[in-house]
2 protein chains.
Amino acid sequence: MNANVEKLALIRAVLQQKSIDAYIIPLSDPHLGEYIPGHWKIIPWLTGFTGSAASVIITHTLAGLWTDSRYFVQAEAQLEGSEYILMKPGSFQKYDYVDWLAENISSGSKIGFDGRIFSISQVRKLEEALGLKKITFDDNCDIITEMWTDRPPMPVSVAWDHPVEYSGSDRSKKIAEVRKKMKEKGADLHLLTSIDDIMWLLNIRGNDVEFSPLLTSFALVGERQILLFVDDKKIPQTLKAEFDKLGIVMLPYEETCEMISSLADGSLIMVNPSTTSVALYKSIPERFEIIEDISIPTRLKSIKNKTEIENLSAVMVKDGVALTKFFFYIDQNNDKVPMTEVSLAVKILELRSHQKDFLGASFATITAFKEHGALPHYSSVPETDSIVGERGLLLVDSGGQYMGGTTDITRTVPIGLPTAREKNDFTLVLKGHIKLAMAKFPYGTRGYQLDHLAREPLWQNGLNYGHGTGHGVGYCLNVHEGPQSISPADNKSLIEPGMLISNEPAIYRGGEYGIRTENLILCYEDEETEFGKFLKFDTLSLCYIDNKLIDISILEKKEIEWLNKYHSGVFEKLSPHLEPDEIAWLKDKTEPILNHY
Amino acid sequence: MNANVEKLALIRAVLQQKSIDAYIIPLSDPHLGEYIPGHWKIIPWLTGFTGSAASVIITHTLAGLWTDSRYFVQAEAQLEGSEYILMKPGSFQKYDYVDWLAENISSGSKIGFDGRIFSISQVRKLEEALGLKKITFDDNCDIITEMWTDRPPMPVSVAWDHPVEYSGSDRSKKIAEVRKKMKEKGADLHLLTSIDDIMWLLNIRGNDVEFSPLLTSFALVGERQILLFVDDKKIPQTLKAEFDKLGIVMLPYEETCEMISSLADGSLIMVNPSTTSVALYKSIPERFEIIEDISIPTRLKSIKNKTEIENLSAVMVKDGVALTKFFFYIDQNNDKVPMTEVSLAVKILELRSHQKDFLGASFATITAFKEHGALPHYSSVPETDSIVGERGLLLVDSGGQYMGGTTDITRTVPIGLPTAREKNDFTLVLKGHIKLAMAKFPYGTRGYQLDHLAREPLWQNGLNYGHGTGHGVGYCLNVHEGPQSISPADNKSLIEPGMLISNEPAIYRGGEYGIRTENLILCYEDEETEFGKFLKFDTLSLCYIDNKLIDISILEKKEIEWLNKYHSGVFEKLSPHLEPDEIAWLKDKTEPILNHY
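Residues numbered from 1 in each chain as written. Chains lettered and ligands numbered in written order. Predicted model: local features only at pLDDT ≥ 70, side-chain atom pairs only at ≥ 80, totals over all residues. Heavy atoms only, no water.

(A) Representation of the overall build of chain A. Counting its regular elements, chain A contains 20 helices and 28 strands. In terms of overall dimensions, chain A is globule-like: its C-alpha atoms have a radius of gyration of 25 Å, near the 25 Å expected for 597 residues. The principal-axis extents of the C-alpha atoms in chain A amount to approximately 70 × 60 × 50 Å. The buried share among the 597 residues of chain A stands at 60%. When the accessible area of chain A is evaluated, it comes to approximately 23,300 Å², of which 52% is carbon and sulfur surface. Side-chain charges in chain A split into 62 positive and 83 negative, and the spacing between the mean points of these groups amounts to 3 Å. (Helix = DSSP H or I, 4+ residues; strand = E, 2+ residues; numbered from the N terminus. Rg over C-alpha atoms; globule rule 2.2 N^0.38 Å. Buried < 20%, exposed > 50% of the residue type's maximum accessible area, 1.4 Å probe, protein only. Areas by Shrake-Rupley, 256 points an atom, 1.4 Å probe, with all protein chains shown as cover. Lys, Arg positive; Asp, Glu negative; His and termini not counted. Charge placed at Lys NZ, Arg CZ, Asp CG, Glu CD.)

This is the structure in structure tokens:
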């Protein structure tokens, strides 16, 4: 009996004892965000699957794991030999554990989960889906702690200051801004559960998790004080002195629920139900009226300030230099040095690390060759590593954390000669990318109104991609940040000047190849007419788009003009930081295409 | 003291007596739809304003009337001399009476309205907007009935059969379909409050209101019976016999609430909160569980069947013939016969009435010359009538009710020579119109994803229009029909094969002119690829688009191709039904534009 089977048997024994019919294990922590520390990585420990998105349901007859399509190949490899079944929906379908429960759980059942790592929104979603069945919940069901004897401890990195030369606004100013908005909403208290909100508000960062400079903490903003729930030893003396001046009171992280439950002042508290755990939500004293909304820092930090925008421009040059060196390296060495997806992921990290103020990768690098590229967010891991050698398309999606901003960029390049279909697909994706990059739209527009722009050339040819076109991007924070997005989903957030968003249309040809072209675009105010204010996007990312993959005959004149202008900017901004042979190579890669062909 | 002032004083006296601080009067009837009989036209009787959309609030210090921009000119004229103030928002803003109440009513106030003509959704909207203020509602406050001594009686038209050769599906089949969907939802009862739903379900029509062939009634669909709440004398014997066979039981219309409140069977009732009055909603016995959703007939009837689509094509020819004769008439007689907006509205109705199976106009014809065209839904009434003579743009938005379908079409034509800016604006609107007409999109797409297509050429030039791009259209029923729409609003309804929708981008140059080009488009399934099913639109409306207003230099090749193909279809389908001089004229109007210029 292997370890996984043993653990499963243990869990089932506890379920039996507690009369629980289905136990839900999410891959999340008490902050319900994307980046979680090892302490809360229950699913990898339990099942062997290491992907960044997963849910597990254990019943007396089933042990099922749900993840999304990017991880199917990896999950199948990693779950092999375990009792866990990968619960795979059909193509272009969404089918999550909630749907499965709605279909399979019988009336009168009891569902258990650990309410410390399960959001109030998730519970409501469950209640709605199972509405007509009589189901009871045990939301205080932690089976894991007792079993997991060698569990990693909670992270203990030390906070560091994110100086105002990077943040563009000091703590006191940000706090005043949040309090002003709280007043407008009528809230005396504002509970912050998303760690990046707290980092932004207090101009601090930490190293508690991979890919985003976060320091695990909760915060409660009041009219005069801020309670910061964090391990005392994680805050250095200099910061403590600063905090003291601003009325920031530190309290033990473990006592968050307890302290909230004993709040003496206040009557109206603002809470985001999607990022607040059941346990924390329930600890709010009954006498409080709760305003549920996206947090105020989430809205404020999505609009980048002038300093942030200036720093971002400098960061884009650094990132572009690293990427150019990377693709130059592949081009020069592909037939000499053995390359694999994993070795290339290491290479790009190394090249970024030579850049000043680089802090680390902003997410797990995707270097996906040929059919691996057809998995939208394929993860390059040893289990599925493959040699990048013979003819095919290589998709590279990577990003960096810098003091002055966060990057996220995807390029698809040909190894050897591309086929006509690859060129046609690539050019259709590029057309969509350019259409969105050139968009102009009135103030008041939502992302779902713009999503179509990037898809139109694909749709006209019966093609599509199964993910959104753009996500918000943090600033020296999470690479995926709300509230805005550009996608078919009915996200009510406006696209506003100062917002940083990805532009990443794609095509995935299952079993063959994937194509994605991604830049970060920044929204700015263009002109005001009698019909209102109009906004546009500025493309910030700097890296050539491979001309070898472009079928010029299907590009419109204004698309060619955009591309040539973009390429001239790339060359102009990057070449001062490159070696002579790299400059010559980039010059060729960024030649205007009408002259080039 | 004029009559309006007297009525206002009377109402205020009752408010005083009932301790009501604000009295809301909607322009609606117990069915909460768009078309209401004279009996419920309280606002025109009270204020003199005859527009089709309005709300009135009466407090002790204010008598305010809200309507939308299409009626501003008319409302200002009609309210002159009354004590009612037109509550006008700024341009491109929405500002309704709910916003006004939220800003102006003080905590502790009491708001009154007649719950028989106020929907549950409206009450909830009020509650939400006024949430933090302590407000009480008197939802049983009918001040009008006693005052209005010469009130028009309820309409008493007689129902007529809409035969299966037009409806394409007989009553029993439709009823079975609705019951099947009810079963899927778990509902034993389904309350139908929208009259057009009932007309569709029972294949009947009536003449109770202007513009839509409706017969005032409620219906309650059960598993075996249907209760039809309608005046007994409105149903002819032949239909009664038919109904009897199908288990349709007639009950007095006035007793709807009472009968609902005494329901003996059932436990789960399906109700649409947007079209159900507070009074009716509250009459549902407490023991019922209520499923709130758009009604099943609303969803079913939005998908036109094969017979309906075939009939629609024939109707479009008739409608196009009438329109061609109309524009030919203007062109030939403009310098000979005096023409005004109102006389032209009469003319177009006359021409349509010569067509077989024509039942009447589907809405109040808009014939708007020059600056009147800048009011998106300007209403051509004697108060604001103007001569159509000297140079300018004429916007004509009109439609007909036919046994085989409902039409809605807008054309803008030049009187005299158009200016360069008029041509540029017209061509930008046309580009948007064509882009939407040529759209191809995957199954699962919502209207808000397509809206941008029609706006993109305008947005790129800093232009826009303040209304949606497309609304659903009924079949020998309401010209505005749900659930689908093509607009920036986050309407979750999918655009599905069989749906009939308007395509009407526009530009309004305040004080100068308006341009709108509207056709009805029908969604159909195009192809299925590895990326799913793809849908397209077929343009059904048939009327030339005036080449004199087109600036060919800003049209793309595929847009010119679309236009030439459309025009060749218009000529081919309409010319067999026209006189020789009309044919020659239409031939010229529909010449391919590359040859023409």
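Moving on, there is more to tell.
(B) Fine view of the pairing of strand β14 (residues 289-292) of chain A. Residues and elements named next belong to chain A. In the sheet, strand β13 (residues 268-271) pairs with β14 via 4 bridges, with the strands oriented parallel. The residue of β14 that forms the bridge with Ile269 is Ile290. Assessed by its sense of winding, the connection that carries the chain from β13 through helix α12 (residues 278-283) to β14 is right-handed. (Pairing = 2+ DSSP bridges. Right-handed = clockwise from strand over helix to strand, strands pointing away.)

(C) Just the relation of the copies chain A and chain B, in detail. When chain A is fitted to chain B, the best match, at an RMSD of 0.0 Å, comes from turning it 180° and sliding it 0.0 Å along the axis. Classification of the inter-copy transformation places it as that of a two-fold axis. (Least-squares fit on C-alpha atoms with pLDDT ≥ 70 in both.)

(D) Main features of helix α16 (residues 420-437) of chain B. For α16 of chain B, which comprises 18 residues, the first-to-last C-alpha distance of 25 Å matches the rise-based estimate of 26 Å (1.5 Å per residue) to within 8%. Counted residue by residue, α16 of chain B has 14 buried out of 18 residues, so it is predominantly covered. (Expected span 1.5 Å × (residues − 1).)

(E) Structural detail: the environment of Tyr448 of chain A. Secondary-structure assignment places Tyr448 of chain A in helix α17 (residues 447-459). For the pair Tyr448 of chain A and Ile204 of chain A, spaced 244 residues apart in the sequence, the C-alpha separation amounts to 33 Å. Residues within four places of Tyr448 of chain A in sequence aside, it is in contact with Ser487, Pro488, Ala489, Asp490 and Asn491 of chain A together with Tyr448, Gln449, Pro488, Ala489 and Asp490 of chain B. Here the side chain of Tyr448 of chain A touches Arg446 of chain A through a polar contact of 2.9 Å, side chain to side chain. (Contact = heavy atoms within 4.5 Å. Polar contact = N/O pair within 3.5 Å; in protein donor to acceptor, adjacent residues only side chain to side chain.)

(F) Structural context of the sheet that holds strand β16 (residues 366-369) of chain B. Residue and element names in this part refer to chain B. Taken in spatial order, the 3 strands make up an open sheet running β16-β17-β20, and their pairing is antiparallel. Only two strands of the sheet have a single neighbouring strand rather than two, namely β16 and β20 (409-415). Across this sheet, the average inter-strand angle for adjacent strands is 15°, counted without regard to direction. Where strand β17 (residues 392-398) and β20 come together, 7 bridges link them in antiparallel fashion. Residue pairing in the sheet places Leu394 in a bridge with Val413 of β20. (Axes fitted to C-alpha atoms, helices over the stretch in contact; angles between N-to-C directions.)

(G) Structural view of the interface of chain A and chain B. Between chain A and chain B, the residue contacts involve 37 residues of the former and 37 residues of the latter. Taken over both partners, the interface formed by chain A and chain B buries close to 3,000 Å², and the fraction arising from carbon and sulfur atoms is 53%. Sorting the residues of chain A by area buried against chain B places Gln449, Trp459 and Phe531 of chain A first, and these three jointly supply 24% of that buried surface. In this structure, the connection of chain A to chain B is made through 4 salt bridges. Residue Lys492 of chain A is joined to Asp490 of chain B by a salt bridge in which the shortest nitrogen-to-oxygen separation is 2.7 Å. Scanning the region where chain A abuts chain B turns up 12 residue pairs in polar contact (both at pLDDT 80 or more). For the side of chain A that touches chain B, the elements supplying multiple residues, two or more each, are β21 (440-442), α17, β25 (506-509) and β27 (519-529) of chain A. For the side of chain A that touches chain B, the leading source of residues is α17 of chain A, giving 8 residues. Residues that form the side of chain A that touches chain B fall into these classes: 17 nonpolar, 8 polar and 12 charged. (Buried area = accessible area lost by both parts, 1.4 Å probe. Salt bridge = Lys/Arg side-chain N within 4 Å of Asp/Glu carboxyl O. Nonpolar A, V, L, I, M, F, W, Y, C, P; charged D, E, K, R; others polar.)

(H) Here's a closer look at the environment of Phe531 of chain B. Residue and element names in this part refer to chain B. Following the sequence through the fold, Phe531 ends up in the loop between β27 (519-529) and β28 (532-539). You can call Phe531 buried: its relative accessible area is 6%. For the pair Phe531 and Pro442, spaced 89 residues apart in sequence, the C-alpha to C-alpha distance is 8.2 Å.

(I) Summary view of the pairing of strand β23 (residues 481-486) of chain A. Residue and element names in this part refer to chain A. By the criterion of burial, β23 is predominantly enclosed, with 5 of the 6 residues buried. Pairing geometry for strand β22 (residues 470-472) and β23, over 3 bridges, is antiparallel. Bridging across to β23, His471 finds its partner in Ser485.

(J) Quick look at the nonpolar core. Counting 233 residues, the largest nonpolar core has Phe327 and Phe537 of chain A together with Phe327 and Phe537 of chain B as its most contacted members. A total of 11 residues in this core trace back to one element, the largest contributor, which is helix α14 (residues 306-333) of chain B. Non-local contacts of Phe327 of chain B, meaning those with residues more than four positions away in its chain, are made with Val396, Arg411, Val413, Cys543, Tyr544 and Trp585 of chain B. Core analysis: the next-biggest nonpolar cluster, separate from the first, contains 33 residues, Ile58, Leu79, Ile143 and Trp148 of chain A among them. (Core = buried A, V, L, I, M, F, W, Y, C linked by side-chain atoms within 4.5 Å.)

By themselves, these figures tell us nothing about what the structure is for.
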